[in-house]
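What the coordinates show
Spelled out from the first residue to the last, the chains are:
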Amino acid sequence: MSTVPTVTHTFLVNGRRVQVDSESDVRLLWVLRDRLGITGPKYGCGINVCKACTSHLNGRAFNPCAVRVGDLGPDDEVTTIEGLPDAPDAGGAEDPDLHPMQEAWIAQDVAQCGYCQPGQIMAAVAKVRAARREGRDITDADIDEIRNICRCGTYFRIREAIKDGARRM
């Protein structure tokens, strides 16, 4: 039996305020997947290496496997792949249930096994947004900085989809 006290944690997920009773040291990935039923962020390594769980925290890429739920405040907003179509930059999508980057992923036929794809897409959107905040387009050097692992080796198609998605956003 755990001696760590359970606390009610409040934060935003995909535009919705949630409250979760949990020990503060539980990793956010487990709270998202096991307590809130949000399974888009995938468990890969659990040590912030493979990036399969990449999501956004306050608009920036992060890995919920490396963040304790107790580190979130009530105004922190987590966006997972499930919430990406509702993002402000999703307006250019032809399908209202998809973000333009997701449409680019489909158009470029990226997925093979598909396990890493939610994290790849979330990292790509964050990278495009970062370039735009700097007033420029995404470059090959920016894409080189994305460290999400694809065990199927679809990196060429991922790169093409990121460029396509950036044009669509």
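If you're wondering where the values come from, they're calculated on a predicted model, not measured in any experiment.

With that out of the way, let us pick up the packing of aromatic side chains. Under the criterion given, the structure shown has one aromatic pair. Taking 4.9 Å as the distance between ring centres and 40° as the angle between the ring planes, the aromatic pair formed by Trp30 and Tyr43 counts as tilted. Separated by 13 residues along the polypeptide, Trp30 in helix α1 (residues 28-35) and Tyr43 in the loop between α1 and β3 (55-57) bring together distant segments of the chain. For Trp30, a relative accessible area of 33% puts it in the partly exposed group.

Per the counting criterion, the structure on display carries 11 salt bridges. Among the ionic pairs, Glu103 bridges to Arg168, the shortest N-O distance being 4.0 Å. You can see Glu103 sitting in helix α2 (residues 100-107) and its partner Arg168 sitting in helix α5 (residues 155-168), a full 65 residues away along the chain. Residue Glu103 is classed as buried on the basis of its relative accessible area of 10%. According to the relative accessible area criterion, Arg168 is partly exposed, its value standing at 28%. Measuring nitrogen to oxygen at the nearest pair gives 2.7 Å for the salt bridge that ties Asp142 to Arg136.

Here Asp164 lies in helix α5. Leave out the neighbours within four places in its chain, and Asp164 touches Ala104, Ala107 and Gln108.

Residues Ile47, Val49, Ile149 and Tyr155 make up a contiguous nonpolar surface patch of about 360 Å² in total accessible area. Relative to the elements of secondary structure, Ile149 occurs in the loop between α4 (140-144) and α5. Owing to a relative accessible area of 32%, Ile149 belongs among the partly exposed residues under this scheme.

Before going further, it helps to examine α1. Taken together, the buried positions of α1 are occupied by Leu28, Leu29, Val31 and Leu32. Positive phi shows up at Gly37, right after α1, with a value of about 70°.

Per the UniProt entry, the sites bearing "domain: [2Fe-2S]-binding" (unreviewed entry) are residues 80-163 in this numbering. Secondary structure over residues 80-163 splits into 46% helix and 0% strand, and the C-alpha atoms at its two ends are 21 Å apart.

Right, let's talk about the environment of Gly44 for a bit. Within the secondary structure, Gly44 is located in the loop between α1 and β3. The spatial distance from the C-alpha of Gly44 to the C-alpha of Ile162 is 22 Å, given a sequence separation of 118 residues. Excluding residues that lie within four positions of it along the chain, Gly44 makes contacts with Cys50, Ala52 and Tyr115.

Hydrogen bonds between backbone atoms are what pair the strands of a sheet, whose relative direction is either parallel or antiparallel. Read across the sheet, five strands follow the order β2-β1-β5-β3-β4 without closing on themselves; strand pairing throughout is mixed. Both outer strands of the open sheet, β2 (16-23) and β4 (60-62), are each paired with one neighbouring strand and no more. For this sheet, the mean inter-axis angle between neighbouring strands, taken without regard to orientation, is 40°. Sheet analysis places β3 next to strand β5 (residues 77-79), joined by two bridges and oriented antiparallel. From the neighbouring strand, Leu57 faces β5, where its bridge partner is Val78. In the packing of α1 onto the sheet, the strands contacted are β1 (6-13), β2, β4 and β5, and the crossing angle to β2 comes to about 110°. On the sheet, helix α3 (residues 117-133) packs against β3, β4 and β5 and is oriented at approximately 45° with respect to β3.

Reading guide: rules and limits
- Residues numbered from 1 in each chain as written.
- Predicted model: local features only at pLDDT ≥ 70, side-chain atom pairs only at ≥ 80, totals over all residues.
- Heavy atoms only, no water.
- Phe/Tyr/Trp six-rings, centres within 6.5 Å; stacked < 30°, edge-to-face > 60°.
- Helix = DSSP H or I, 4+ residues; strand = E, 2+ residues; numbered from the N terminus.
- Buried < 20%, exposed > 50% of the residue type's maximum accessible area, 1.4 Å probe, protein only.
- Salt bridge = Lys/Arg side-chain N within 4 Å of Asp/Glu carboxyl O.
- Contact = heavy atoms within 4.5 Å.
- Patch = residues over 30% accessible without salt bridge, like charges linked within 9 Å, V, L, I, M, F, W, Y side chains within 5 Å.
- Areas by Shrake-Rupley, 256 points an atom, 1.4 Å probe, with all protein chains shown as cover.
- UniProt positions renumbered as here; feature names shortened; annotations may be inferred.
- Pairing = 2+ DSSP bridges.
- Axes fitted to C-alpha atoms, helices over the stretch in contact; angles between N-to-C directions.

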